[in-house]
Amino acid sequence: MGLVALGVTGGIGAYKAVEVARGLQKRGHDVVALMTRSARRFVGPVTFEAITRRRVITDQFAPGMNADIEHIALTTEIDLLLIAPATANIIAKLAHGIADDFLTSFVLALRKPILLAPAMNTNMFEHPAVQANMATLAARGVQFVDPGSGYLACGWIWKGRLAEPDEIAEAAHRMML
C-alpha cells in the first residue's frame, strides 16, 4: 500500500517498534527504519533490517549516503513518518526545528503526514514543556497516538508507556487510507 518511515528513538519502548514494523507490514505497507544513536542502545539495526528487508538509516553522514542527499531523497518516497517511541527529547527537537541527526533533518525536509507515539515517564509526559511542545506540533498538523497506562520502566504504574504496537500500526494505517 504505502511506504512508512519508522523513526525509532532512544527509549525503552524501542523494542516495541519492531512489532510496530510487523503490524504495518501485516497491513500491506513497506517500512524503512530510521534510528537515532540512542535508539541503537536499546535495539540493534540488524533486527529492523531482518524485519523490513531494507537498510536501516542510522547516520546522516554514512559513506555512500551523500550521493543522493538521502534525508531529502527519502522524503519524496515515503507516504508517512511514524516515530515510535517519541521521547520527550525528539518531541522538543521537532517542536523547535532542531536538526542535529538524520531523523530531525529528515523531518524538516518532509512534507508528508507525521504520527508520533509518545513514550516516557508520567511526570515527563505531563511536564508543561512536553505538553507545550506537543501542542506546537499538533498545531502544525502532527498527529499523536496517546500513550498507554500501565507498568512503566521506572516501576511506576501510570500513563506514559508506549501505546500497544497494534494500536500504533492501525493509527498509521488509517492515516494512509
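Residues numbered from 1 in each chain as written. Predicted model: local features only at pLDDT ≥ 70, side-chain atom pairs only at ≥ 80, totals over all residues. Heavy atoms only, no water.

Engineer: Residue-level account of the nonpolar core, with values.
Structural biologist: Grouped burial of nonpolar side chains is what soluble globular proteins tend to show. In this structure, Leu6, Val8, Leu24, Phe48, Leu82 and Ile168 are the most contacted members of the largest nonpolar core, which totals 31 residues. Top element by residues in this core is helix α1 (residues 14-26). It accounts for six residues. Of all hydrophobic cores here, the second largest spans 28 residues; its members include Ile78, Ala95, Leu103 and Ile114. (Core = buried A, V, L, I, M, F, W, Y, C linked by side-chain atoms within 4.5 Å. Buried < 20%, exposed > 50% of the residue type's maximum accessible area, 1.4 Å probe, protein only. Helix = DSSP H or I, 4+ residues; strand = E, 2+ residues; numbered from the N terminus.)

Engineer: Explain the packing of aromatic side chains to me, and be specific about the residues and the numbers.
Structural biologist: Enumeration over the complete set of coordinates arrives at one aromatic pair. Ring centres of Phe102 and Phe106 lie 5.9 Å apart, and the angle between their planes is 20°; on these two criteria the pair is classed as stacked. Of the two residues, Phe102 and Phe106 are both situated in helix α5 (residues 102-109); the distance of four residues between them amounts to about one turn of the helix. The exposure classification of Phe102 matches that of Phe106, with both residues buried. (Phe/Tyr/Trp six-rings, centres within 6.5 Å; stacked < 30°, edge-to-face > 60°.)

Engineer: Could you give me a rundown of unusual backbone geometry, with the residues and numbers involved?
Structural biologist: Across the junction of Ala84 and Pro85, the peptide omega takes the value 0°, indicating a cis bond. In this fold, Pro85 is placed in strand β3 (residues 80-86). Despite not being glycine, Arg53 has its phi angle at roughly 60°, a positive value. Position of Arg53 relative to the elements: it lies in the loop between α2 (45-52) and α3 (70-77).

Remember, this is a structural readout, not a statement about activity or role.
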